[in-house]
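Reading the structure
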Amino acid sequence: QQQVKQSPQSLIVQKGGISIINCAYENTAFDYFPWYQQFPGKGPALLIAIRPDVSEKKEGRFTISFNKSAKQFSLHIMDSQPGDSATYFCAAGLNRDDKIIFGKGTRLHILP
Amino acid sequence: DAGVIQSPRHEVTEMGQEVTLRCKPISGHDYLFWYRQTMMRGLELLIYFNNNVPIDDSGMPEDRFSAKMPNASFSTLKIQPSEPRDSAVYFCASSLHPDREAFFGQGTRLTVV
């Protein structure tokens, strides 16, 4: 119930392509869905977040698509760049539960 | 603010030794989280505090692990005795609220030999 399942585990994309990472959850009470980006040797940092009252949120080249009925959400990176190479974590939070559950991460590599 | 500060950055210790990891959260943040990151299990929440009080320690793997937050600006995670399977990167994070941005430290890479 508390799990967040993330796929794929790793992803290789050509420069300029679209990177897509998917996440699925079971607990319909989750009400906060952030994505974190982690570079080697660094801690994760918030990239973009969405709440279930909207189906899409866009910030620059990064877009979250949210499908409440399917209990799925995804991160799209448009015009992927080598600097986007990092590990991406989806997560889900429950306001009354005070904690965030992270997916296992996706290692993204953008080919130059 | 300098962000969340963790020390040490790297720790190599022998099996059976006590290990203490330290964290200074961002001033004013009410929540502090300890995470463990491994390739196999990803990012696992170990324990979190609200206003210095431990709220949920269900992620702590076993009694060898303990965490304290004696004041709003300092927390420790202790492993005693340490085992090779404890080798991982341990992160501390703080936030104003769990559904606000969590700020992570740079992590402590622990190696138990």
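These numbers come from a predicted model, not from an experiment. (Residues numbered from 1 in each chain as written. Chains lettered and ligands numbered in written order. Predicted model: local features only at pLDDT ≥ 70, side-chain atom pairs only at ≥ 80, totals over all residues. Heavy atoms only, no water.)

1. Things to note about the environment of serine 58 of chain B
Threshold: Numbering of helices and strands starts at the N terminus; helices are DSSP runs of H or I of at least 4 residues and strands are runs of E of at least 2. Contacts are assigned to residue pairs that have any heavy atoms within 4.5 Å of one another. By the criterion applied in these results, polar contacts are pairs of N or O atoms within 3.5 Å in which, for protein atoms, one can donate a hydrogen and the other can accept it, and in which residues neighboring in sequence qualify only through two side-chain atoms.
You can see serine 58 of chain B is positioned in the loop between strand 6 (53-56) and strand 7 (65-71). Ignoring any residue separated from it by four or fewer positions in sequence, one finds serine 58 of chain B in contact with Lys99 of chain A together with Leu46 of chain B. At 2.6 Å, the side chain of serine 58 of chain B forms a polar contact with the side chain of aspartate 56 of chain B.

2. A closer look at the interface of chain A and chain B
Selection criterion: The term salt bridge refers to a pairing of a side-chain nitrogen on Lys or Arg with a carboxyl oxygen on Asp or Glu at a separation within 4 Å. Throughout this entry, Asp, Glu, Lys and Arg are counted as charged residues, while Ala, Val, Leu, Ile, Met, Phe, Trp, Tyr, Cys and Pro are counted as nonpolar. The remaining residues, Gly among them, count as polar.
Taken together, the contact between chain A and chain B spans 18 residues of the former and 24 residues of the latter. Linking chain A with chain B are 0 salt bridges, by the criterion used here. At the junction of chain A with chain B, the criterion picks out 5 residue pairs in polar contact (both at pLDDT 80 or more). Among the elements of the structure, strand 4 (33-38) and strand 10 (99-102) of chain A are those that each provide at least two residues to the side of chain A that touches chain B. Looking at the side of chain A that touches chain B, its residues break down into 7 nonpolar, 4 polar and 7 charged.

3. A few points about the nonpolar core
Taken as a class, soluble globular proteins show a tendency for nonpolar side chains to be buried jointly. The following threshold applies: Grouping buried Ala, Val, Leu, Ile, Met, Phe, Trp, Tyr and Cys residues that are joined through side-chain atoms within 4.5 Å yields what is termed a nonpolar core. Three exposure classes are used, based on accessible area relative to the maximum for each residue type with a 1.4 Å probe and protein chains only: buried under 20%, partly exposed in between, and exposed over 50%.
By size, the foremost hydrophobic cluster in this structure holds 26 residues, and its most contacted members are Phe33, Trp35, Phe73, Leu75 and Tyr88 of chain A. Secondary-structure elements contributing two or more residues to this core are strand 2 (10-14), strand 3 (19-25), strand 4, strand 5 (45-50), strand 7 (62-67), strand 8 (72-77), strand 9 (86-94) and strand 11 (106-111) of chain A. At 5 residues, the largest contribution of residues to this core is made by strand 9 of chain A. Val4, Leu46, Cys92 and Val112 of chain B belong to the second largest nonpolar core, which has 21 residues in total.

4. Some thoughts on unusual backbone geometry
Cis geometry marks the peptide bond from serine 7 of chain B to proline 8 of chain B; its omega dihedral reads -10°. Residue position: proline 8 of chain B is located in the loop between strand 1 (5-7) and strand 2 (10-13). Of note, the phi angle at lysine 71 of chain A is positive, near 55°, even though the residue is not glycine. Tracing the sequence through the fold places lysine 71 of chain A in the loop between strand 7 and strand 8. Taking relative accessible area as the criterion, lysine 71 of chain A reaches 22% and is therefore assigned partly exposed. In this structure, asparagine 52 of chain B takes a positive phi of about 75° despite not being glycine. Here asparagine 52 of chain B falls in the partly exposed class, since its relative accessible area comes to 28%.

5. Quick word on a nonpolar patch on the surface
All names here are of chain A. Under the convention used in this document: For patch detection, residues must exceed 30% relative accessible area and be free of salt bridges, and they are connected within 9 Å for like charges or within 5 Å for nonpolar side chains (Val, Leu, Ile, Met, Phe, Trp, Tyr). Residue exposure ignores everything except the shown protein chains as possible cover, and the areas themselves are Shrake-Rupley values with a 1.4 Å probe.
On the surface, a cluster of nonpolar side chains totalling about 240 Å² of accessible area is made up of Ile18, Ile20 and Met78. Looking at the element boundaries, isoleucine 18 is found in the loop between strand 2 and strand 3. Take isoleucine 18: its relative accessible area is 46%, and that puts it in the partly exposed class.

6. With respect to the state of the cysteines
The condition is simple: The disulfide criterion used throughout: a pair of cysteine sulfur atoms within 2.5 Å.
Here the structure, examined in full by the defined rule, presents 2 disulfides over all chains. The residue that forms a disulfide with cysteine 23 of chain A is cysteine 90 of chain A, at a sulfur-sulfur distance of 1.8 Å. Handedness here is read from the sign of the S-S torsion; for cysteine 23 of chain A and cysteine 90 of chain A, about -90°, the answer is left-handed. Pair noted here: cysteine 23 of chain A is in strand 3 and cysteine 90 of chain A is in strand 9, with a separation of 67 residues, a long-range link. Here cysteine 23 of chain B pairs with cysteine 92 of chain B through a disulfide, and the sulfurs are 1.9 Å apart. Given an S-S torsion of about -65°, the disulfide between cysteine 23 of chain B and cysteine 92 of chain B has left-handed geometry. You can see cysteine 23 of chain B sitting in strand 3 (residues 19-24) and its partner cysteine 92 of chain B sitting in strand 9 (residues 88-95), a full 69 residues away along the chain.

7. Description of the sheet that holds strand 3 of chain A
All names here are of chain A. Using the following cut-off: Paired strands are those between which DSSP finds at least two bridges. Helix axes use the C-alpha atoms of the stretch in contact, all axes being lines fitted to C-alpha atoms, and the angles between their N-to-C directions lie in the range 0 to 180 degrees.
Read from one edge of the open sheet, 5 strands run 1-3-8-7-6, paired in antiparallel fashion. For this open sheet the edge positions go to strand 1 (4-7) and strand 6 (56-59), each flanked by a neighbour on one side alone. Between one strand axis and the next, the sheet turns through 15° on average, direction left out of account. With 6 bridges connecting them, strand 3 and strand 8 associate as antiparallel partners. Looking across to strand 8, one finds that isoleucine 21 is bridged to leucine 75.

None of this, on its own, says anything about what the molecule does.
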